[in-house]
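# Report on the structure
Letter by letter, the chains look like this.
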Amino acid sequence: MRKTIILLLLLLPLAVLAQTVSGTISDATTGETLIGATILEEQSGKGTVSNAQGRFSLTLKADTAHLRISYIGYQTEYHTVTLRGDRKLDVTLHPSVELEEVTITAERINSPQASQMSAIEVPVEQLKLVPVIFGETDVLKAIQLLPGVQSGTEGMSGIYVRGGGADENLFLLDGVPLYNVNHLGGFFSAFNGDAVKNVTLYKGSFPARFSGRISSVLDITTNNGNDREWHGGASVGLMSAKFNIEGPIIKEKTTLSLSLRRTYGDLLLQPLIMAVALSETEGQGTANAGYYFYDLNAKVTHQFNDRSRLYFMWYSGDDEAYMRMRTNEYELGKEHIKLGYQWGNLATSVRWNYELTPKLFMNVTGSFTRYRQHLDLGVEEEWTDEGQLYNEQADVSLRSGISDFSGQVDFDFAPTPDHAIKFGTTFTHHLFRPQVTSVQASSTGEEAFNRTVGESNVSAGEISIYAEDDWSITDALKVNGGLALTGFVVQDCFYPSLQPRLSGRLLLTDDLSLKAGYSYMTQYMHLLSNSNISLPSDLWVPVTARIEPMNSHQVAAGVVYTWRSLIDFSVEGYYKWMNNLLEYKPGATFLGNGTGWEDMVCMGRGWAYGIEFLAQKSFGDITGWVGYTWSRTMRQFDTPGEELNGGLPFPAKYDRIHDISITLQYKPNNRFDAGITWVYSTGNTATLALQEIEADNYYGALDFVESRNNFRLPAYHRMDVSVNFHKQKKHGVRTWNISIYNLYNRQNPFLIYPKTTYNYRDNSTYTGLYQRSLFPILPSISYIYKF
Amino acid sequence: MKRTLIPLLFSICLMTACEKQIDIDAGYQEPKLVIDAIGTTDTLLSVNITESRPIFGAHSSSEGFPPVTNATVNLTANGVIYTASREDNHYLFPYTPQGGDQLSLQIDVPGHPSVSAMTTVPADPLIGEVAFSDYDDGYDLTFRIPLTDRANSTDYYLITMHHYDTIFETYYIQDSVPIHDTIYNHDAYFYCDDPLVVTDVSVLDMIGEYGIPSFFGETMLFTDERMDGQSHTIEIKCNNPYYNLPYEVHITFVIEVASLSRDAYLYLKTLQSARESSDMLNLFSEPVQIHSNIDGGIGIFAISNRRVFTHHTDNLP
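In this convention, every chain numbers its residues from 1, walking through the sequence in written order. Lettering of chains starts at A and numbering of ligands starts at 1, both following the order in which they are written. With pLDDT at 70 or above as the cut-off, local features in this predicted model cover only qualifying residues; side-chain atom pairs require 80 or more to be listed or tallied, and sums for whole chains, interfaces and linings still use all residues. Water and hydrogen atoms were dropped before computing side-chain values, which therefore reflect all heavy atoms in the structure.

In terms of regular secondary structure, chain B is built from three helices and 22 strands. Only protein chains enter the calculation, and the probe is 1.4 Å; a residue is then buried if its accessible area is under 20% of its type maximum, exposed if over 50%, and partly exposed in between. Within the span of chain B, comprising 317 residues, buried residues form 44% of the whole. Any two residues whose heavy atoms approach within 4.5 Å are treated as being in contact. Residue pairs at least 24 apart in sequence account for 66% of intrachain contacts in chain B once pairs closer than 6 positions are excluded. For every accessible area listed, the method is Shrake-Rupley and the probe measures 1.4 Å; residues are considered covered only by the protein chains on display. For chain B, the exposed area adds up to about 16100 Å²; of that, 52% sits on carbon and sulfur atoms. Strands are runs of DSSP state E lasting at least 2 residues, helices are runs of H or I lasting at least 4, and numbering of each runs from the N terminus.

And the structure:
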């Protein structure tokens, strides 16, 4: 911090001698601010990019500046500005699709000019052309198509970045962390595509402003909303319906953006379930059961003046599975069984942007985020015996969750065109509720039973102070260096961590650059999950006096090359070391997560290395990318008393050696577009007993596991296709989307298990290994109308 | 028609997610020698030898784990070599282990690579006199075991309980003589909620009768992690299995308290976990690797240095 202040003081004289142009870049038709637009002074070659609020600040020594402002998918604007003192310049860019000749221009995932290593600008517009199941544009699904990112088991939640675990990814929605980003076990993500404006994924070389997770940061910014006129859209698919609307509450002052999504399979199936229940109980019983999820994204933005803006963001999303059955039989009495399982997020924030000076920009944020899950089971019986009414009931409920209150102040400081400095601090109060189980039971004439067991809430404080500088040392050499100081207070323990970050780019030609980076990250919380299956019941727990924070060191280096301004190629290698990783001890079960969890886990280390290739075509009728990753991910738990695999190294569950994804989009005109995706990856590992032994006369045969994760499942692959037919209507555009998931009906393994069959003729048995697949070929159709 | 066709097609697609047999690509699994050799300090050392067998493939239902009968089994104890003789289904050495003995085992079986193992006999557990009391008119039985742990070492312990019962009940009359006494030997399930001893609990224990971390079973394994160098009295409880029954029973409870080597502790612990994880309730439990200290094979070679206590009680009608 001291070094940063000295650096700022050294840079101050330079700032005094020059003039600053500052302002906001936004869409000319909607007023939506544009993130990452390039502002370049053509004569000096100095430039900058707009920040997460669309703002930029460029300090120049010249009297006259010839500015070129460009953004993918928009017409480039040129402005000549006379500089006599600081100047304000707000620029609106027109979308290029307004031109008669349509040219697809997708965002570039990785370009030679960018200084940030291991960062992916997720092409949001291109996402809308990627084949999607049930017509749902999905950010997480698209990210899984990029090198270095792997999905979990099909139908299960989680992404795995460069050998990290599912809990090592920081998901930020407008700067607010979300703890569970999946619906329906990971088949849909919590990020409604209609609400998303910008997505950046960091796989390594993390800028110092991010901390708290060791493997990746997914930074998602949502739409502010159109500040000129009201627009919206609605869609209906086989699984879900969506609605979104955006527009000015006060024209060019206050905007609203609102998106709502809900699945309705439970409503459609209700009559069928009821009919079955009536039939099975001869008219004496009723039943309803189902599953649904919903998301609500809302954002209100108010612009006080050119220098000050206020944002209010709200997100809530829940999944619920439920079942209720009632029977009412004359002789047997009444029975009522109920089951409810609910889990979800709530995140909200208030953010105030203020331009203190043309060079110094401030963000003040207060936020709250919460993840919680409830499981309720209940049985009630009522009957009459000899005129006496009897009643018995039992209820079990499980509660767990985590909630955070945060306060954050961030500054953007651009003293010269060669420096883009960010610094700030965040304080978060965490409240962990690992798991509480309540049991209530009562019976006529007996004393009621009421007991609650589980661990009490754990409070913890987390603080982060950071400073980073995106520094153009020469035109060719640019570095992003920074330092984050974090600390975590829990159970009278304080865990400090000083985390250096560095990322650099050397531009060899305009089309070719070398990049390298290093980062050290610390994580103060763990997700306890069973290695066999990932469920919403997985628990977030903090580090404690016994369980130390996870940390990782990662180095990466690569080359980025653009061929004839048409195709970007990149090759990136990485090596990552991870410490204090947690795994359940052998035989531990997720049923016992709630109590004494520290006794059920062991700590170890891991390492991952790999090389990632990416080729992306961003221009023309056909766009898309091909990604390939070769990687290994290993674990070793050799602490005495906590050994796994006898203390020897073993491959992680998601150690997939080869990972390939091919994504192509075709858009010949505005009336039709199509997309195709093919993915392939080496199968997951699994622990499988291949021999059995007689270890105990009393108990008989026992399975013998030679080593952990000794078996590799069959490879995963599938192809998805989709087509969109668009038509201009009187008040908007309607789209029919037809998608086919898993086109060639590949039976990918979801679950493997041994099964023994008996042959009574020759008194023999046969044991084979079987797999269950989850999703066969799934065609879907959806209707979308945008106005 | 269209209204019903689309949901119908969708449902059919979901239902076609099916079961499929997959190939095992883990190489052919040669059977390995399985050694079961946990001796005690009060009996001659014996060794059981069997073979492992592949899980997958065709088997005869009558296939068990026949003992290996053509092995050459040698033991070196403190530099003295002993050769085992074959006794029924096991191999027996003319040697009784003592605390502190250094042992190595060598087994050769034609058609198998040689297997070997080493162990040191742990020191005897420092146990005082076990006290007994009963409550609720003899239904609840409590045993108090005073244990002094040795300081500055990691020590591993085992407590097991059995009861031998002589039941005086007339079953039938043979040659005018009533047959009325039957002797049974049972493992005794006992309960312990000592926080210095019980560290592993599951939610099922938590919501059970007692609501605090507890052990309930017939073999309790623990370490001195929470009582290193301390003198501590461990209290275990069980119920009189014949309480209130209308015939006479003489019960002898046998409590065994033993020091174990680390290998023996891990072997027994993982064996326990493997049994539990094969239960339906633990469908989602973590995989268990049974610990082994046999080079070239599977199993255990270790000595349990034990002390045995007995308590007699009569159950009168």
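All names here are of chain A. One open sheet holds the five strands; their spatial order is 9-16-17-12-13, and the pairing between them is mixed. The open sheet has two edge strands, strand 9 (119-122) and strand 13 (176-178), and neither has a second partner. Going from strand to strand, the sheet's axes swing by 25 degrees on average, the running direction of each strand aside. Two strands qualify as a pair provided DSSP detects at least 2 bridges between them. Pairing geometry for strand 9 and strand 16 (residues 196-202), over four bridges, is antiparallel. Within the sheet, the bridge partner assigned to E121 lies in strand 16 and is T200. To get an axis, fit a line to the C-alpha atoms, keeping to the stretch in contact for a helix; angles then go from 0 to 180 degrees between the N-to-C directions.

Residues and elements named next belong to chain A. Pairing is antiparallel across the open sheet formed by four strands, whose spatial order is 3-2-5-6. With partners counted over all chains shown, the strands left at the sheet margins are strand 3 (47-49) and strand 6 (77-82), one partner each. Averaged over all pairs of adjacent strands, the angle between their axes in this sheet comes to 20 degrees, without regard to strand direction. Here strand 2 (residues 38-41) pairs with strand 5 (residues 64-70) via four bridges, running antiparallel. Pairing of E41 across the sheet is with L67, part of strand 5.

All names here are of chain A. Here, a salt bridge means any side-chain nitrogen of Lys or Arg that lies within 4 Å of a carboxyl oxygen of Asp or Glu. Per the stated rule, a full pass over the model turns up 30 salt bridges over all chains. For the salt bridge of E612 with R162, the shortest nitrogen-to-oxygen distance reads 2.9 Å. Separated by 450 residues along the polypeptide, E612 in strand 36 (residues 601-617) and R162 in the loop between strand 11 (159-161) and strand 12 (169-173) bring together distant segments of the chain. The same class applies to E612 and to R162, which are both buried. With its nearest N and O atoms 3.3 Å apart, the salt bridge here joins K422 to D412.

Time to look at the environment of S96 of chain A. All names here are of chain A. Turning to its location among the elements, S96 is positioned in the loop between strand 8 (91-93) and strand 9. The class for S96 is buried, based on a relative accessible area of 15%. In this structure, the C-alpha to C-alpha distance between S96 and T76, residues 20 residues apart in sequence, is 8.9 Å.

Residues and elements named next belong to chain A. Geometry of aromatic contacts follows a simple scheme: Phe, Tyr and Trp rings, the Trp one being its six-membered ring, pair when their centres are within 6.5 Å, and the pair is stacked under 30 degrees between planes, edge-to-face over 60, tilted otherwise. Scanning all chains against the criterion turns up 31 aromatic pairs over all chains. Between the aromatic rings of Y179 and W540, the centroid separation amounts to 5.1 Å while the plane-to-plane angle is 70 degrees, which identifies the pairing as edge-to-face. Of this pair, Y179 sits in the loop between strand 13 and strand 14 (182-183) while W540 sits in strand 33 (residues 539-542), and the two are 361 residues apart along the sequence. A single burial state applies to Y179 and to W540, both of which are buried. Note on F188 and F293: the rings are 5.5 Å apart at their centroids and 45 degrees apart in plane angle, and the pair reads as tilted. Of this pair, F188 sits in strand 15 (residues 188-189) while F293 is found in strand 21 (residues 285-305), placing the two residues 105 residues apart along the sequence. An identical accessibility class is assigned to F188 and F293; each is buried. Each member of the aromatic cluster is reached from another via a ring pair, and the members are Y575, W577, Y609 and W630. Geometrically, a charge over a ring is one whose NZ (Lys) or CZ (Arg) sits within 6 Å of the ring centre while staying within 35 degrees of the ring normal. The ring of Y770 carries K755 above its face, with NZ or CZ at 4.8 Å from the centroid.

Residue and element names in this part refer to chain A. Take T425: it is sitting in strand 26 (residues 419-443). C-alpha separation for the pair T425 and T486, spaced 61 residues apart in sequence, amounts to 9.5 Å. With near-sequence residues (within four places) excluded, T425 lies in contact with G407, Q408, V409, I463, S464, I465 and Y466. Within the structure, T425 has its side chain in polar contact with the backbone oxygen of S464 (distance 2.9 Å). Within 3.5 Å is the distance limit for a polar contact, defined as a pair of N or O atoms, with the added protein rule that one can donate a hydrogen and the other accept it, and that residues adjacent in sequence qualify only through two side-chain atoms.

It is characteristic of soluble globular proteins that their nonpolar side chains tend to be buried jointly. Among the buried residues, those of types Ala, Val, Leu, Ile, Met, Phe, Trp, Tyr and Cys that are joined through side-chain atoms within 4.5 Å form a nonpolar core. Counting residues in hydrophobic clusters, the biggest one holds 41 residues, and the most contacted among them are V139, I143, F191, V199, L218 and I220 of chain A. Sort the elements by how many residues they give to this core and helix 3 (residues 139-143) of chain A lands first, with four residues. Those residues in contact with V199 of chain A that lie beyond four places of it in its chain are I120, E121, V122, V124, V139, I143, L218, D219 and I220 of chain A. Membership of the second largest hydrophobic core comes to 30 residues, among which are L141, I145, V197 and V249 of chain B.

Take helix 4 (residues 265-280) of chain A next. All names here are of chain A. When the terminal C-alpha atoms of helix 4 are compared, their 22 Å separation across 16 residues agrees well with the 22 Å that a helix rising 1.5 Å per residue should span. A maximum bend of about 35 degrees is found in helix 4 at P271. By the burial criterion, the buried members of helix 4 are D266, Q270 and A277. Looking one or two residues past helix 4, E282 carries a phi angle of roughly 50 degrees, positive in sign. Expected helix span is computed as 1.5 Å times (number of residues minus one). Consider a residue and the seven residues that end there alongside the seven that start there; fitting an axis to each set, the bend is the angle between those axes.

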